[in-house]
Amino acid sequence: MKRLLASFLAFGLVAGPLMATPAEAQRRTDQGEARKEMRAGNIMRAREIENRIVPSMGDAEYLGFDYDSTAMAYRLKFIKDGKVKFVDVDARTGRVLRRSR
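1. Overview of the packing of aromatic side chains
Within this structure, the stated rule accounts for 3 aromatic pairs. Between Y62 and F78 the ring centres are 5.2 Å apart and the planes differ by 45 degrees, which places this aromatic pair in the tilted class. Taken together, the positions of Y62 in strand β1 (residues 61-68) and F78 in strand β2 (residues 73-80) put the pair 16 residues apart, joining distant regions of the chain. On the basis of relative accessible area, Y62 is assigned to the partly exposed category, the value being 24%. Connected via pairs of aromatic rings, a cluster forms that spans F65, Y67 and Y74. The residue whose ring lies beneath R75 is F86, and the NZ or CZ to ring-centre distance is 4.7 Å.

See below:
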């Protein structure tokens, strides 16, 4: 019984990361890409973007951001009056690309 349990645990440790969903894998890739681009000086730090955008959103609650390595853009997520709003920002310049209504 102990060997069977040990086998399942070993399988989980090896196969677990391999069985990650595509969305999780993309998120990890984008996060690593953002770090690499930031270190190279190609994009702005997320904190710089947040410091520019969050105050302009009034009393909307800031929920966080995602980075899209293909578009080289941050997507900041807010909620106000039960509605989720997104602000897409060019990671290179800090310019707002799009605001959802």
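2. What about the pattern of salt bridges?
If you walk through the whole model with that rule in mind, you get 6 salt bridges. For the salt bridge of E50 with R47, the shortest nitrogen-to-oxygen distance reads 2.4 Å. Here the residue E50 and the residue R47 both occupy positions in helix α3 (residues 46-53), the gap between them amounting to 3 residues, near one helical turn. A residue is classified by how much of its surface remains accessible, and E50, at 10% relative accessible area, is buried. Across the pair D90 and R92 runs a salt bridge, and its minimum N-O distance is 3.4 Å. Judged by relative accessible area, which is 9%, D90 ranks as buried. Linked by salt bridges that have partners in common, R75, D88 and R98 make up one network.

3. Things to note about the pairing of β2
Relative to β2, β1 runs antiparallel, the two sharing 7 bridges. Considered in β2, the bridge of Y67 is made with Y74. Taking the residues that link successive antiparallel strands as the turn, the β1-β2 hairpin has 4 residues, and the phi of M72 there is positive, at about 50 degrees. Bridge analysis of β2 against strand β3 (residues 83-90) gives 8 bridges, and the strand direction is antiparallel. From the neighbouring strand, K77 faces β3, where its bridge partner is F86. Taken together, β2 and the strand that follows it, β3, pair antiparallel across an intervening segment of 2 residues, in which D81 is found at a positive phi of about 55 degrees.

4. Digging into the layout of surface pockets
Reported here for the largest pocket is a volume of approximately 450 Å³. Lining the largest pocket we find 18 residues, and of these F65, D66, Y67, D68 and A73 sit closest to its centre. Every element with two or more residues in the lining of the largest pocket is listed here: α2 (22-39), β1, β2 and β4 (96-99). Looking at the lining of the largest pocket residue by residue, the class counts come to 9 nonpolar, 1 polar and 8 charged.

Quick notes on the rules
Residues numbered from 1 in each chain as written. Predicted model: local features only at pLDDT ≥ 70, side-chain atom pairs only at ≥ 80, totals over all residues. Heavy atoms only, no water. Phe/Tyr/Trp six-rings, centres within 6.5 Å; stacked < 30°, edge-to-face > 60°. Helix = DSSP H or I, 4+ residues; strand = E, 2+ residues; numbered from the N terminus. Buried < 20%, exposed > 50% of the residue type's maximum accessible area, 1.4 Å probe, protein only. Lys NZ or Arg CZ within 6 Å of the ring centre and 35° of its normal. Salt bridge = Lys/Arg side-chain N within 4 Å of Asp/Glu carboxyl O. Pairing = 2+ DSSP bridges. 1 Å grid on protein atoms, 1.4 Å probe; cavity = no way out; pocket = protein on both sides within 12 Å on 5 of 7 lines; lining within 4 Å. Points joined across faces, edges and corners; volume = space filled by probe spheres on them. Nonpolar A, V, L, I, M, F, W, Y, C, P; charged D, E, K, R; others polar.

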